[in-house]
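Coordinate analysis (summary)
If you want the building blocks of each chain, they are given just below.
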Amino acid sequence: MRMTEIKINGIVQGIGFRPFIYRLALELDLKGYVLNSSSGVEIVVDGSRDVINTFINKIRSDHPAAAIINDMSVSAKPGEGFSSFIIKESLSNKGATLMSPDLATCPDCFQELKNPGDHRYNYPFINCTNCGPRFSIIESLPYDRPATSMKTFPMCSYCKREYKDPLNRRFHAQPVACSDCGPELVIIDGNDEIIDEDPIRKTIELIKEGKIVGIKGIGGFHICCDATNTEVLQRLRKLKYRPHKPFAIMIYPPLLQNIVEIDKDGWDVLRSPVAPILILPQKKTSVISPLVAPDNPYLGIFLPYAPVHHLLLSSSLPYLIMTSGNRRDEPIASEESELKGLCDFFLTHNRPIINRSDDSIILPTKYKNVIIRRSRGYIPKPITMPLVSVPTLGAGAELKLTFALSKKDSLFLSPYLGNSGSRETREFYLDTLAKYKRWFKIEPELVACDLQPDFMTTRYAESLDLPLVKIQHHEAHVAAVMAEYQIDEPVIGIAYDGTGWGTDNAIWGGEIFVGDYHKLERYYHLNYMPLPGGDRAIKHPIRIAFAYLTAAGIDTTFLKNLQEDERILIQKQLERNFNVFNTSSLGRLFDSVSAMLGLYPEITFEAQSAMALEFLTSGILPREQKPYSFNIGESEIDIIPLIRDVAADIKNKVDQRIIASRFHRTVVDFTVEAVNNIRKSTNISKVVLSGGVMQNRLILEELIRELRKNNFTVFFPTIIPANDGSIALGQVVLANKRI
Ligand code: ZN
Ligand code: ZN
Ligand code: FE
């Protein structure tokens, strides 16, 4: 007899795909089987051509929302007849399949969680084929219970019945569990002593009392406390050595509108299975402590996405700090022992977190939402490449660290791994890389890294016995955005950034390139300014301001907050040209202007002073202000006139908000003029925006608006971050074109 074999590749495991196929086969009265293989899902059916065509069309049109079909092949195959349609055991074979990201609790499970009559009423690990942990519990593929951290929890008869019923929502839901058979919550104190009380009720009580509780979640621990309690926030900031960097808060949904401005699109994003953190304007009347996001008009907020969150939040405890459970810039913790001393208590459980990931972060803009951190809910979903690659490792940079592994036209970007070159970050990096290689069956034949010699990732790439291509940081930024849009033609590529090693050993970050993947030529850059002390100065913007003013021959006596010993130190460094780097970084220009205005002389997190400058404009639109002066030369955008004008405005006591706004206007103006010049000589009108500065909403929105007004087609990063989180992607693309 002739059977039809259908092979489907994509995200088709762990999201109810086989039950969907099963129901569809029953509906069409088809006989045969479906199974998970390590390359996806395989179906064999016996039926007339017409019915099979309907079957295939319905697979394409009606599949579960979380499924992504990349590839479907249909072939004839000889075989025995079947008497029914069944779901067969998984096959392990060659080829890689894709793994589903973790999915937020679905509305059906939420209803059951809150229904006193339901078998899983108040059960903190409720899930189904439409929701629940996936990536975070998987040890190996194919995705089946024995290959997950659920393997030590044998199902009870109630769960087993649902698991085996093809018409049930939990049919083959691998993490299915209930209070009779599944993982259990427990609350322990700082000495690991179990507190023999209802863990949820006790946690709520402790948080209300002003305690800090470590909560084991999906991709790792959160450090949790009451977001309206300034006292506990003071303590938390001290413990975390984190004086200013904003914390995200999880909000009881009915009260969200009391705190932030949100539109329908915002609600959709928050309620999606990804359930990311969204950065929204805070309402003036908000009861949130000012210590949550000091000097910041925005709040990073998210909704409960795991059952335990739904059980903790209520109208009597609606606003919780839920910050990644880590020590400063280190990877997120998966065990309470890593957070000793940071938390008073731990709400934890006995299901191990196999794969860690932080919460993802999204910034809405006037044009499109842009991603700031691509992690839980997105990973390990692949990104489609604009070219066919050999198996390649993109080692990444250092801040907002990720790596990328590619094969053919698929690229797997790792979760956010940390923000430093520390030992812990390195271990997490190597561990995650080993897993990605194993799961997706990629053994790199080519490696790409940054030009910066002292990055942990550069040293790692050099240690591999593989052909190595070093990619300039800002070319990687531009290429990553080109890849997002599948562009394969010449563009004008803008990289406005903090720091990146240039081909001339200067520190770049204000670059405009022209070209394609083969060659990106640096057409314009901001003129070089002195950066005394390199990284040290980056933490002390006041020193940058002093150095820039001195280099421009401008009187510095108006500078506030410059210590006398700092002034002498920097002056000596400049005079002797000792440890002074040249930089074209736009990020440093932001720092410098910010410090000239007396904002932060010293910063405690990356981009703090640039953010302060953006917030200072507070609604004063740059386009309604006059620009400062600048000169565009052969290859340089001269910013000394701008610095001179800013200094004059400060001396003339011009409103600081106006100065900040004029500064933003000037950046937009010199960019548009430079890009217009390039179009005149090259005829290229596609413009790519990239680099960390594009996280400045004002700069991004004004650039898009003005460039479009000038008839440019503008591409900006949306599904990959503008920051260094996507450097690895750009490295892979360029290395494959240039090898
Ligand atoms: Zn569900
Ligand atoms: Zn059970
Ligand atoms: Fe960068």
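Presented here is a report on the structure given in the accompanying data block. For clarity, every value in this text was computed on a predicted model and none was experimentally measured.

Approximately 970 Å³ is the volume attributed to the second largest pocket. Asn 70, Leu 98, Pro 382, Thr 384 and Ser 410 are, among the 41 residues lining the second largest pocket, the residues nearest its centre. Per-element accounting of the lining of the second largest pocket gives the leading share, five residues, to strand 17 (residues 404-413). Within the lining of the second largest pocket, the residues separate by chemical class into 18 nonpolar, 13 polar and 10 charged.

With that settled, consider the packing of helix 17 (residues 640-651) against helix 18 (residues 656-682). Running from amino to carboxyl end, helix 17 crosses helix 18 at an angle of 165 degrees, the nearest separation of the two axes being 11 Å. With respect to helix 18, the element helix 17 is oriented roughly antiparallel. As for how helix 17 packs across helix 18, the hand of that crossing is right-handed. Between helix 17, through Leu 642, Val 646, Asp 649 and Ile 650, and helix 18, the contact on the second element is made entirely by Ile 659, Arg 662, Phe 663, Thr 666 and Phe 670. Residue classes in the contact of helix 17 with helix 18 are distributed as six nonpolar, one polar and two charged.

So, about unusual backbone geometry. Here the amide bond leading from Leu 141 into Pro 142 is cis, since omega sits at 0 degrees, within 30 degrees of zero. The topology assignment puts Pro 142 in the loop between helix 3 (107-113) and helix 4 (157-164). The backbone phi angle of Asp 29 is positive, close to 60 degrees, even though this residue is not glycine. Relative to the assigned elements, Asp 29 resides in the loop between helix 1 (17-27) and strand 2 (31-37). Residue Asp 29 is classed as exposed on the basis of its relative accessible area, which comes to 56%.

Glancing now at the state of the cysteines. Tallied over the entire structure, the rule returns zero disulfides. The closest cysteine sulfur to the non-disulfide-bonded Cys 225 is located on Cys 224, 6.6 Å from its own sulfur.

Bringing the packing of aromatic side chains into the picture now. Summed over the entire model, instances satisfying the criterion amount to 21 aromatic pairs. Measuring from ring centre to ring centre gives 6.0 Å for Tyr 22 and Phe 171, while their planes differ by 45 degrees; the resulting arrangement is tilted. One end of the pair, Tyr 22, is in helix 1; the other, Phe 171, is in the loop between helix 4 and strand 6 (185-189), and 149 residues separate them in sequence. Note on Phe 590 and Phe 663: the rings are 4.9 Å apart at their centroids and 85 degrees apart in plane angle, and the pair reads as edge-to-face. Here Phe 663 lies in helix 18 and Phe 590 lies in helix 15 (residues 586-596), a separation of 73 residues in the sequence. Here Phe 590 falls in the buried class, since its relative accessible area comes to 1%. Members of the aromatic cluster, joined through ring pairs, are Phe 135, Phe 403, Phe 412, Tyr 429, Tyr 436, Trp 439, Phe 440 and Tyr 460. Between Lys 88 and the ring centre of Tyr 33, over which it is positioned, the NZ or CZ distance is 3.9 Å.

This paragraph deals with empty space enclosed by the protein. With a probe scaled to a water molecule rolled over the atoms, the places where space remains empty come into view. Here the structure, examined in full by the defined rule, presents seven cavities of 30 Å³ or more. In this structure, the largest cavity encloses a volume near 200 Å³. Around the largest cavity, the lining comprises 22 residues; the ones closest to its centre are Pro 133, Ile 218, Ala 306, Pro 307 and Arg 351.

With that settled, the discussion passes to the coordination of the iron ion (ligand 3). Protein ligation of the iron ion (ligand 3) involves His 473 (NE2), His 477 (NE2), Asp 497 (OD) and Asp 724 (OD), the donor distances falling in the range 2.0 to 2.2 Å. Geometry at the iron ion (ligand 3) is irregular, judged from its four donor atoms and the angles of 88 to 169 degrees they form at the metal. In primary-sequence terms, the residues that donate to the iron ion (ligand 3) follow H-x3-H-x19-D-x226-D. Taken as a pair, His 473 in helix 11 (residues 473-484) and Asp 724 in the loop between strand 28 (713-715) and helix 20 (727-738) lie far apart in primary sequence, 251 residues in all. In this structure, His 473 and Asp 724 share a single accessibility class: buried.

As a further point, take the coordination of the zinc ion (ligand 2). Around a metal, the perfect tetrahedron of four donors has angles of 109.5 degrees, and the perfect octahedron of six donors has angles of 90 or 180 degrees. Coordination of the zinc ion (ligand 2) by the protein involves Cys 156 (SG), Cys 159 (SG), Cys 178 (SG) and Cys 181 (SG), with metal-donor separations of 2.3 Å. Geometry at the zinc ion (ligand 2) is tetrahedral, judged from its four donor atoms and the angles of 102 to 117 degrees they form at the metal. Taken in chain order, the donor set of the zinc ion (ligand 2) reads C-x2-C-x18-C-x2-C.

Burial runs high along strand 15 (residues 369-373): four of the five residues are buried. Pairing analysis gives four bridges linking strand 14 (residues 361-364) to strand 15, with the strands arranged antiparallel. Note on strand 15: the bridge partner recorded for Pro 364 is Asn 369. Hairpin connection from strand 14 to strand 15: four residues lie between these consecutive antiparallel strands.

What counts, and at which threshold
- Residues numbered from 1 in each chain as written.
- Chains lettered and ligands numbered in written order.
- Predicted model: local features only at pLDDT ≥ 70, side-chain atom pairs only at ≥ 80, totals over all residues.
- Heavy atoms only, no water.
- 1 Å grid on protein atoms, 1.4 Å probe; cavity = no way out; pocket = protein on both sides within 12 Å on 5 of 7 lines; lining within 4 Å.
- Points joined across faces, edges and corners; volume = space filled by probe spheres on them.
- Helix = DSSP H or I, 4+ residues; strand = E, 2+ residues; numbered from the N terminus.
- Nonpolar A, V, L, I, M, F, W, Y, C, P; charged D, E, K, R; others polar.
- Axes fitted to C-alpha atoms, helices over the stretch in contact; angles between N-to-C directions.
- Parallel < 35°, antiparallel > 145°, perpendicular 65-115°, else oblique.
- Left-handed = near helix turned anticlockwise from the far one by under 90°.
- Contact = heavy atoms within 4.5 Å.
- Buried < 20%, exposed > 50% of the residue type's maximum accessible area, 1.4 Å probe, protein only.
- Disulfide = S-S within 2.5 Å.
- Phe/Tyr/Trp six-rings, centres within 6.5 Å; stacked < 30°, edge-to-face > 60°.
- Lys NZ or Arg CZ within 6 Å of the ring centre and 35° of its normal.
- Donors = N, O, S within 2.8 Å, 3.2 Å for Na, K, Ca; no water.
- Tetrahedral: all angles 85-135°; square planar, octahedral: opposite > 155°, others 65-115°.
- Pairing = 2+ DSSP bridges.

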